[in-house]
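Next come the chains, spelled out residue by residue.
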Amino acid sequence: MRYNRHDYFRYEFEPRLPAKFRIQLDGEEKKLSNEGECELLDISTGGVKFFTFLDLPQQSQKIELQLEFTLHQHPFELAGVVVWKQEAEHGFQYGFDFGEEQQADALIIEELKLRKRAEIQTREKTE
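Let me begin by describing the structure that accompanies this report.

Calculation notes
Residues numbered from 1 in each chain as written. Predicted model: local features only at pLDDT ≥ 70, side-chain atom pairs only at ≥ 80, totals over all residues. Heavy atoms only, no water. Helix = DSSP H or I, 4+ residues; strand = E, 2+ residues; numbered from the N terminus. Contact = heavy atoms within 4.5 Å. Pairing = 2+ DSSP bridges. Axes fitted to C-alpha atoms, helices over the stretch in contact; angles between N-to-C directions.

The next thing to look at is the side chain of glutamine 93. You can see glutamine 93 is positioned in strand β6 (residues 91–98). Excluding residues within four positions of it along the chain, glutamine 93 makes contact with Leu41, Lys49, Phe50, Phe51, Trp84, Lys85, Gln86 and Ala88.

This part takes up unusual backbone geometry. Proline 15 follows glutamate 14 through a cis peptide bond whose omega is 5°. If you trace the backbone, proline 15 turns up in strand β1 (residues 11–23). With phi around 65°, histidine 90 is a residue other than glycine that occupies positive phi space. As for its position among the elements, histidine 90 is in the loop between β5 (75–88) and β6.

One closed barrel accounts for 6 strands, arranged β1-β2-β3-β6-β5-β4; its pairing is antiparallel. Here the strands of the sheet are splayed against their neighbours by 45° on average, with no regard to which way each runs. Direction of pairing for strand β2 (residues 36–43) relative to strand β3 (residues 47–52): antiparallel, over a ladder of 4 bridges. Residue pairing for β3: isoleucine 43 is matched across the bridge by valine 48. Set on the sheet, helix α1 (residues 105–126) makes contact with β1, β2, β5 and β6; between it and β1 the angle comes to about 135°.

And the structure:
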């Protein structure tokens, strides 16, 4: 599946959402690197854009990652590939495409709804 950020509704995080990633090593399914820290900039049901200070190596083939984050209450652990890389101020931005076998669409949407409701309630309490 080719990554096209215009194919999906995107939810932007402000402030950025903390997350962790691990690189899949040597193409082995269960062999993962140590954790790296990143921040999610936006999410859709097809993938995320994330920022990290780490310069992930560019290879002829796509970098396979396992991304871990929590949108509201449910923890996600999704596998996929980095499909683009862009240098940013103080680090790098990456486009991450969830693997086609990931069936998290409905859960991502539900968690985003719950997160937005909680944000609105918090804002109303402080006003």
